[in-house]
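The residues making up each chain are set out below.
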Amino acid sequence: MPEVVVFAVEGRSSEQKKKLMKDITDAVVSNFKVDPEVVVVSVVETPKQHKSRGGIPFDEQ
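Residues numbered from 1 in each chain as written. Predicted model: local features only at pLDDT ≥ 70, side-chain atom pairs only at ≥ 80, totals over all residues. Heavy atoms only, no water.

Points about the nonpolar core
Inference 1: Counting residues in hydrophobic clusters, the biggest one holds five residues: V6, I24, V28, V39 and V41.
Inference 2: Here I24 is in contact with V4, V6 and V41, once residues within four sequence places are set aside. (Core = buried A, V, L, I, M, F, W, Y, C linked by side-chain atoms within 4.5 Å. Buried < 20%, exposed > 50% of the residue type's maximum accessible area, 1.4 Å probe, protein only. Contact = heavy atoms within 4.5 Å.)

Remarks on the pattern of salt bridges
Inference 1: Applying the stated criterion to the full structure yields three salt bridges.
Inference 2: Here K17 and E45 are joined by a salt bridge, their closest N and O atoms 3.0 Å apart. You can see K17 sitting in helix α1 (residues 14-32) and its partner E45 sitting in strand β2 (residues 40-46), a full 28 residues away along the chain. (Salt bridge = Lys/Arg side-chain N within 4 Å of Asp/Glu carboxyl O. Helix = DSSP H or I, 4+ residues; strand = E, 2+ residues; numbered from the N terminus.)

Quick word on the side chain of T46
Inference 1: Structurally, the position occupied by T46 is in strand β2.
Inference 2: What makes T46 buried here is its relative accessible area of 19%.
Inference 3: The residues contacting T46, other than those within four sequence positions of it, are A8, V9, E10 and K51.

Here we look at the environment of V28
Inference 1: Mapped onto the fold, V28 is located in helix α1.
Inference 2: For V28, a relative accessible area of 11% gives the class buried.
Inference 3: A sequence separation of 26 residues divides V28 from P2, and the C-alpha atoms of the two residues are 7.7 Å apart.

Some points on α1
Inference 1: Here α1 is 19 residues long and its end C-alpha atoms lie 26 Å apart, about the 27 Å a rise of 1.5 Å per residue gives.
Inference 2: Every buried residue belonging to α1 is among K17, I24, T25 and V28, and all of these are buried. Seen along its axis, α1 keeps its buried residues to an arc of 105 degrees; they face one direction. Across α1 from its buried face, at more than 90 degrees, point the exposed residues E15, K18 and K19. (Expected span 1.5 Å × (residues − 1). Arc of directions from axis to C-beta.)

Following this line, the structure appears as C-alpha cells:
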C-alpha cells in the first residue's frame, strides 16, 4: 500500500487539497501500477506561526 504524506503550511482550500490528493493518487497509480484504492495520501498542515524559514516564522514574513 503506497502512502504519500504532504507537509504544508495551512491556508489552502478543501478543493485545492482534494485536487492535490487526486493528482498524487493518479501519479502513484500510473508509476507504481497499483489500484487507486490502495493509495493513501495525507495532507499535514502546520499553522504559519509554527513554521519558519531562515528563523523567521511564516506569519512574520
